[in-house]
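# Structure assessment
Each chain, letter by letter, is given below.
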Amino acid sequence: MPLISSTIDIVLAGMIGLLIGSFLNVVIHRMPKMMERQWAAECATLQNAPESPETGTYNLMVPRSACPSCGHSIRWYENIPILSYLALRGKCAACHAPISTRYPLVELASGVAFAWCVWHWGATPSAVVWCVFCSILLALAAIDWDTTLLPDDLTLPLVWGGLLSAAMNWSGISLSTAFWGALAGYMSLWLVYWGFKLTTGKEGMGYGDFKLFAALGAWFGWQALIPIILMASVIGAVVGIGMKLTSGLREGGYVPFGPFLALGGFTALFVSPSRMLQWLGL
């Protein structure tokens, strides 16, 4: 009976993860646009200029999801995680424009992460908070890759969530370890940022990277920061070199660092920081 119950919990968690992944696709697409609208409104207010013509409610819930090519409103049965993508053969039901593979991949990644968390921790509060961690981290990685933005609306709750989880003994580390992890994560990249800027006159990363690394420190503790940053740097270097060789770099030759920090965080979760150091030969 315990084995059957455990299997059911894992399957249910995976299904919930797929649904959350569908919502994460909305977050990834809309949150940067919401930020742009907010900035435009603030600039218009400061300049006493007329408001932007982009009026109307626009948030994570309104308006309904629609095809960006033809505006076709997506029906509920066209929005079933992964299955709808396969049934539609990766194309809009109305105009047959291709649908990015990002959508089913995010759904699948979320489903796998949720199932893994429940497999690892069981149906416990620890599994729930780590599922939340995976959801936010996944959204941040995709948003930063697309826009080079790491929204405070996601990074700051991730920091506080790590501290709260430690205080409630859900994340497996003490509150003091989480606190010093958050502080060390933020300050380490802050020092790197200013050292690079004073030396070269250029900005090598954004403040969102500091907050994301602080969040990882809050969830894993200060001891995990070195393997996470090393893993992120190695992955980032490999991807950056590959993009340069294939002329895949964007204008300006930059590669956002947030997605690689996120990959380092996921690796720490699924593998453990000590195993990461072994992989890196340390």
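The preceding data block contains the structure.
Notes on the structure in this doc start here. Just so you know, these numbers come straight off a predicted model, no measurement behind them. (Residues numbered from 1 in each chain as written. Predicted model: local features only at pLDDT ≥ 70, side-chain atom pairs only at ≥ 80, totals over all residues. Heavy atoms only, no water.)

All told, the structure shown has 3 salt bridges when counted by the stated rule. As a salt-bridge pair, Asp152 and Lys211 come within 2.7 Å of each other at their nearest N and O atoms. Taken as a pair, Asp152 in helix α5 (residues 152–167) and Lys211 in helix α7 (residues 207–220) lie far apart in primary sequence, 59 residues in all. (Salt bridge = Lys/Arg side-chain N within 4 Å of Asp/Glu carboxyl O. Helix = DSSP H or I, 4+ residues; strand = E, 2+ residues; numbered from the N terminus.)

Right, let's get into the environment of Ser69. Tracing the backbone through its elements, the reader meets Ser69 in the loop between α1 (2–46) and α2 (83–87). Not counting residues up to four positions away in its chain, the partners in contact with Ser69 are Cys95 and Ala97. (Contact = heavy atoms within 4.5 Å.)

Looking at the secondary structure, you find His72 in the loop between α1 and α2. Polar contacts involving the side chain of His72 include one to the side chain of Glu78, which spans 3.1 Å. Aside from chain neighbours lying at most four places away, what touches His72 is Ser65, Ala66, Cys67, Glu78, Cys92, Ala93 and Ala94. (Polar contact = N/O pair within 3.5 Å; in protein donor to acceptor, adjacent residues only side chain to side chain.)

Okay, the side chain of Asp144 next. Here Asp144 lies in helix α4 (residues 125–147). The buried category is assigned to Asp144, whose relative accessible area is 3%. Not counting residues up to four positions away in its chain, the partners in contact with Asp144 are Leu149, Leu150, Asp209, Pro256, Phe257, Gly258 and Pro259. (Buried < 20%, exposed > 50% of the residue type's maximum accessible area, 1.4 Å probe, protein only.)

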